[in-house]
Amino acid sequence: MPTDSSTLCGLQSGERGQILSVEGSDAVAARLLEMGILPGEEIEMIGAAPMGDPIEFSVYGYRISLRRSEAARVRIEKQP
Amino acid sequence: MSQPSATVALIGNPNTGKSSLFNALCGGNARVGNYPGVTVEQKTGRMTLSAATVEIVDLPGTYSLAARSADEAVAVDVLSGAMQGIDRPDAVIVIADATNLERNLYLFSQVIELGLPTLLVLNMWDRIASTGMKIDPACISEQFGVPVVCTSASQRKGIDEVRQALASILTSKIDRTKESAAFASTDSASSNFPEAFRMETQGLLDWLRSKNVTIAQYQVQRLLIDASDAHVHREIPSHLASEVSQQLSEARSRLASAGVKIPLFETQARYAWIKQKTAGLIERPRGRPPTISDAVDRWLTHRWFGLLFFVFLMFVIFQSITLLASWPMDWIEGIQGWVASMLEGFVGPGPLRSLLVDGVVAGVGSVLIFLPQIVILFLFIGILEDCGYMSRAAFVMDKSMSTIGMSGKSFLPLMSSFACAIPGIMATRTIDNRKDRMVTLLVAPLMSCSARLPVYVLMVAAFVPDIRYASGWITLQGIVLFSMQCLGALVAIPVAWILKRFFFRGEPSTFIMELSSYRWPSWHVMFSRVWERVLAFITRAGTLIFVTSVLVWAAAYFPGDHSTVDEATRRLEGLQAAEVTDEQAIASLEESINLGKSRLIDQSFLGMAGRALEPVVRPLGWDGKIGVAVLASFPAREVIIATLGTIYALGSETDETSDGLKEQMRAAQWPDGKPVFTLATAFSIMVFFALCAQCASTLMTIQRETNSWRWPIFSFVYMTTLAYVGAMLTYNLVQRWML
């Protein structure tokens, strides 16, 4: 399971990061961007569902759920 | 009402209170149907606005006009006037969740470029103060150049202001259209698009126009951005199609080398425009204080507690259905008995009385009795959906659903299938992955729909002992009912897994889903939704079930000669009316009537069919009558009750105490005197109905949704096989266990 600290998968509950980029140019990437997962935005990991997947995040003032595979496409810089 | 003088489209993100606003504006004047050609629910309503009638079209909730799903495509078609049967709207209302305004404005930024007079509604305004936010609507209106109204639609606050604003943009629509077209070209998010993209758009637009293709600028933009996904492709005449895709791929590679990242640049430009416009107008308290919603959410999506709560909730719902519905059901049964005896008073013995009492009242009445349970079930589902729990349930269930070949998004369609598979199957449209959608659609009819409920309730009430635990709060009957409700869902697990493994292998799906804040359900929305379903149920009882009841009655009444029985009944009623207490005479008359009735039903077409069918259904523990009743219930499951009602009303012993169908079933006997209905038979019938595809409308819906006859036939075959085998196993197991 990808837990690369440079993507959203690397965040633990309550940790924040700043979005750097969204990988790819397909419909999934487009949907993520439309939903406000934009470079420069701050994102917080809220918690994971039973079995660790999907994951709930807080971004752009609302809550969104992403699967690990989708979260792994969002590169971030972790914030203290 | 008169012909509408204007059409207004209502659009917004999902979960913004769009339905509340629609209901508040149109009241009871809503019509629900399907858009022609696609099975997207079309909801239109009418409202009166300063003496003129305005038609409101409620568009499906969408995040973007990029049209990647059928729902989004419908929204785009209606707004561009391409939707058959709906005029291009004269104005658009964009509803936005004020607590999450920036993201909601994304859709607004696309809508405003269409050049239609637009009204922006900031809904959930009551929450702004409670979350410590500050929004300046007057400045927002000035910045975007559109009227802005703040509402709390679920509490019906701000609705009059919406009407006034709508009236004013409609009356000034002639000059505003020009104005907003000019506005769109100078000040919109697309003016933030990179120069290279704008030049490519213009080039393509000029080229298309030189080929006499009428297409708007924003449509060309969509072609460039969404590539092959673009819904606007159908606007391109087929002889130009290959040339256009050639042009598009060239343009896209030129853009890529110019550093324009598709689709990033569009979203970046739009959000930048929104930020620039709303700068300083939206204030959020620093370090958002945890709301009650957050606290509730922590528990309901908790790793273990979330799952536990989910199961507990389902159990409570099905328990309360049995407990709460029992009173109103008794009333309806009472009314049914009263109507039957009234009819008997007016109409003498003969075919007409038999048709009315044994056919219509026994048939339709025995189905109507389940109305209270349907209301309660739909009420619960409505509450869960409206308060925001459904998306949490999808979140909690996603991992388990995806291991068996579906996704968390399959959860809502499956959950609504517990009410009725038809809206459930239609709701699978929200699943963007085609293979996930097919698997969900094919297992949805296994969920225990409300039409099965009457079958279970009847069997459970008649044959499962009424034992109560925990001082009456938990009943054995409720537990059996709950298990029956779960059975279909449990069977669906291996079925889905097999479908995914052998029929729909393929790419992984996505689960990008908003988890909206919890809120109190709006009673207006709830009421109108339950009312819609109740109306549909009553209509079904009045049409489909009415007709089947009459047909079944005819099959069970003819071709026998009823004159002896009718004569005996007339004499018996004569004796009773004269208050003669000659018990011997009454008893001998009753006996001859009973014998005559059972002989007649044996000689009827139904009886013949039953004897022919008996070898097939005997392994399930059924007699021919049950077999016929099951066969007759192919159009709809609940018909089995109407049929049993008619069969047993026609063949019933004329005994004053046994008026209910329950009692008549308990009294039914095999020729050797053993009861037909045992616990094993009751379970066998319930299991059969849990798994069978006895619903013609569901199969029709599958046909429509998949646009092929293959899948409805497939569904019918696999479900009927499952049902037969399941019922046979159950019958044998229960019988062995009982001995």
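The rules we used
Residues numbered from 1 in each chain as written. Chains lettered and ligands numbered in written order. Predicted model: local features only at pLDDT ≥ 70, side-chain atom pairs only at ≥ 80, totals over all residues. Heavy atoms only, no water. Core = buried A, V, L, I, M, F, W, Y, C linked by side-chain atoms within 4.5 Å. Buried < 20%, exposed > 50% of the residue type's maximum accessible area, 1.4 Å probe, protein only. Helix = DSSP H or I, 4+ residues; strand = E, 2+ residues; numbered from the N terminus. Contact = heavy atoms within 4.5 Å. Pairing = 2+ DSSP bridges. Polar contact = N/O pair within 3.5 Å; in protein donor to acceptor, adjacent residues only side chain to side chain. Buried area = accessible area lost by both parts, 1.4 Å probe. Salt bridge = Lys/Arg side-chain N within 4 Å of Asp/Glu carboxyl O.

Caption draft 1: Local environment of the nonpolar core. Counting 116 residues, the largest nonpolar core has Met459 and Phe677 of chain B as the members making the most contacts within it. Ranked by the residues each element gives to this core, the list is headed by helix α30 (residues 679–691) of chain B, at 11 residues. One finds Ile55 of chain A together with Leu79, Tyr106 and Leu122 of chain B within the second-largest nonpolar core, a separate group that totals 70 residues.

Caption draft 2: Structural view of the environment of valine 220 of chain B. All names here are of chain B. Looking at the element boundaries, valine 220 is found in helix α9 (residues 217–226). Residue class for valine 220 comes out buried when judged on its relative accessible area of 0%. When the C-alpha positions of valine 220 and leucine 204 are compared, they lie 7.2 Å apart, and in sequence the two are 16 residues distant. Look past the residues within four positions of valine 220 in its chain and what remains in contact with it is Thr201, Leu204, Leu205, Leu208 and Ile215.

Caption draft 3: The pairing of strand β3 (residues 55–59) of chain A, seen in detail. Residue and element names in this part refer to chain A. Among the five residues that make up β3, five are buried, leaving the element largely enclosed by the rest of the structure. The alternating pattern of β3 places Ile55, Phe57 and Val59 on one face and Glu56 and Ser58 on the opposite face, and all of these are buried. In the sheet, strand β2 (residues 42–48) pairs with β3 via five bridges, with the strands oriented antiparallel. Across the sheet, residue alanine 48 finds its bridge partner in β3, namely isoleucine 55. Taking the residues that link successive antiparallel strands as the turn, the β2-β3 hairpin has six residues, and the phi of methionine 51 there is positive, at about 70 degrees. Inspection of the sheet shows β3 paired to strand β4 (residues 62–66) by five bridges, in the antiparallel sense. The residue of β4 that forms the bridge with valine 59 is tyrosine 62. Counted along the chain from β3 to the antiparallel partner β4, the turn is two residues long, and its residue tyrosine 60 has a positive phi close to 50 degrees.

Caption draft 4: Here's a closer look at the side chain of arginine 67 of chain A. In this structure, arginine 67 of chain A sits in the loop between β4 and α2 (68–71). Here the side chain of arginine 67 of chain A touches aspartate 398 of chain B through a polar contact of 2.7 Å, side chain to side chain.

Caption draft 5: Looking closely at the interface of chain A and chain B. Taken together, the 32 residues of chain A in the interface contact 41 residues of chain B. With both sides pooled, the region where chain A packs onto chain B buries about 3,300 Å², and carbon together with sulfur makes up 57% of that total. Of all residues in chain A, Glu34, Tyr60 and Arg67 of chain A give up the largest surface area on contact with chain B, accounting jointly for 21% of the area buried on that side. Among the ionic pairs, lysine 275 of chain B bridges to glutamate 41 of chain A, the shortest N-O distance being 2.3 Å. Here chain A is connected to chain B by eight residue pairs in polar contact (both at pLDDT 80 or more).

Caption draft 6: Structural context of unusual backbone geometry. Cis geometry marks the peptide bond from aspartate 53 of chain A to proline 54 of chain A; its omega dihedral reads -5 degrees. In this fold, proline 54 of chain A is placed in the loop between β2 and β3. Cis rather than trans, the peptide bond between isoleucine 262 of chain B and proline 263 of chain B has omega equal to 5 degrees. Tracing the backbone shows proline 263 of chain B in the loop between α10 (241–257) and α11 (264–278). Although it is not a glycine, arginine 156 of chain B sits at a positive phi angle of roughly 55 degrees. When you line up the elements, arginine 156 of chain B lands in the loop between β8 (148–150) and α6 (159–171).

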